[in-house]
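Structural overview
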Amino acid sequence: MDLPITTEVLRYAAFTSDPEGGNPAGVVLDAARLDEQRMLAVAAEVGYSETAFVTSRDEDRRRFTLRYFSPLAEVAFCGHATVAAAVALAERIGPGDLVFDTPAGEIGVATVADGGGAVRATLTSVPTRSRPARDAEVDATLAALGWRRADLDPALPPHVAFAGNDHLVLAAGSRARLADLDYDFEALAAVMREHGWTTVHLVRRESDDRFHARDPFPVGGVVEDPATGAAAAAFGGYLRALGLVTAPGALTIRQGEDMGRPSDLTVEVDPHDARVRVSGRAVPIGE
């Protein structure tokens with residue numbers, strides 16, 4: 001399929017300063033004339049886990065409407081594509097605060113340029129929530145992953161966490177368990193479709209403020225995301241719900257390392273605020 005000449009797709013790597021790292025995202029800054037079918041077709045042609053489409057804009061108010069499509073379906077919210085879109089806009093209209101109206105709700109994004117002009121974006125999620133996962137949900141997921149209950153960290157119990165969409169959070173008991181990811185794509189996709197999960201957020205705690213993560217995304221037609229801002233926000237809400245955040249602070253999630261696309265996500269959590277802030281850079285990907 002040939003893309004229409006009027007559809008310019010920008011390509012950014014999010015949550016990295018290296019075009020070879022991070023999570024690639026497509027960004028279409030002028031999608032006002034594209035219908036849902038066309039946006040899905042563009043996202044499938046681009047082939048990244050997500051492409052963000054700006055469907056309306058008010059540059060004077062710095063307010064934009066965003067929709068997100070994977071190669072297979074629309075999703076309510078995507079963190080890395082939000083960061084990519086925010087950086088792309090800041091590079092064109094200048095850094096500052098932006099507001100994105102998304103299917104998940106209003107997302108504020110602060111953009112700041114450093115002395116060299118590189119832009120960092122900080123998104124503020126919708127209010128998060130988290131609940132313990134049911135045994136049947138966990139058992140079906142572990143079977144698809146080829147994991148056992150004994151592979152999990154009992155200090156971080158399985159939850160379904162939300163920050164615009166739902167993610168099952170499973171904490172691995174070792175870094176080796178997290179690194180050895182070879183799952184049944186169709187089986188996991190079926191479990192996720194049944195429960196309405198966007199990713200399975202697999203984490204390993206290195207310390208109280210540093211975690212490693214991997215995010216299978218078969219429902220989007222992608223084996224794994226190298227950086228998942230929406231899941232990072234949900235994970236911040238998960239830690240808050242567990243009472244593991246007792247004062248405002250930040251933690252780092254290292255993701256994509258096992259894929260060869262390392263990413264760094266900064267997650268700010270306040271025990272008195274259900275919203276979570278996720279920060280990172282994004283850089284253009286060359287042709």
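Residues numbered from 1 in each chain as written. Predicted model: local features only at pLDDT ≥ 70, side-chain atom pairs only at ≥ 80, totals over all residues. Heavy atoms only, no water.

Turning our eyes to something else, we now look at the overall build of the protein chain. In terms of helices and strands, the protein chain carries six helices and 17 strands. For 287 residues, the compact-globule estimate of 2.2 N^0.38 gives 19 Å, and the C-alpha radius of gyration of the protein chain, at 18 Å, lies within 12% of that figure. Dimensions of the protein chain, computed from the C-alpha atoms along their principal axes, are close to 50 × 45 × 30 Å. Out of the 287 residues belonging to the protein chain, those deemed buried represent 54%. Within the protein chain, the 42 negative side-chain charges are centred at a point lying 3 Å from the centre of the 28 positive side-chain charges. (Helix = DSSP H or I, 4+ residues; strand = E, 2+ residues; numbered from the N terminus. Rg over C-alpha atoms; globule rule 2.2 N^0.38 Å. Buried < 20%, exposed > 50% of the residue type's maximum accessible area, 1.4 Å probe, protein only. Lys, Arg positive; Asp, Glu negative; His and termini not counted. Charge placed at Lys NZ, Arg CZ, Asp CG, Glu CD.)

A few words now on helix α2 (residues 79-93). Taking 1.5 Å of rise per residue, 15 residues should cover 21 Å, and α2 covers 21 Å from first to last C-alpha, within 8% of that figure. In terms of burial, α2 is largely enclosed, as twelve of its 15 residues are buried. Looking at α2, one finds that the buried residues are Gly79, His80, Ala81, Thr82, Val83, Ala84, Ala85, Ala86, Val87, Ala88, Leu89 and Ala90. (Expected span 1.5 Å × (residues − 1).)

It is worth spelling out the environment of proline 132 at this point. Among the secondary structure elements, proline 132 is positioned in strand β9 (residues 129-132). C-alpha of proline 132 to C-alpha of tyrosine 48: the two residues are 84 residues apart in sequence and 31 Å apart in space. In contact with proline 132, other than residues within four places in its own chain, are Pro158 and His159. (Contact = heavy atoms within 4.5 Å.)

Across the interface, helix α3 (residues 135-145) lies against helix α5 (residues 185-195) with an axial gap of 8 Å and an inter-helix angle of 155°. Taken together, the axes of α3 and α5 are roughly antiparallel relative to one another. The handedness of the crossing between α3 and α5 is left-handed. Residues Glu137, Ala140, Thr141, Ala144 and Leu145 of α3 lie in contact with α5, whose contacting residues are Ala187, Leu188, Val191 and His195. For the contact of α3 with α5, the class distribution of residues is six nonpolar, two polar and one charged. (Axes fitted to C-alpha atoms, helices over the stretch in contact; angles between N-to-C directions. Parallel < 35°, antiparallel > 145°, perpendicular 65-115°, else oblique. Left-handed = near helix turned anticlockwise from the far one by under 90°. Nonpolar A, V, L, I, M, F, W, Y, C, P; charged D, E, K, R; others polar.)

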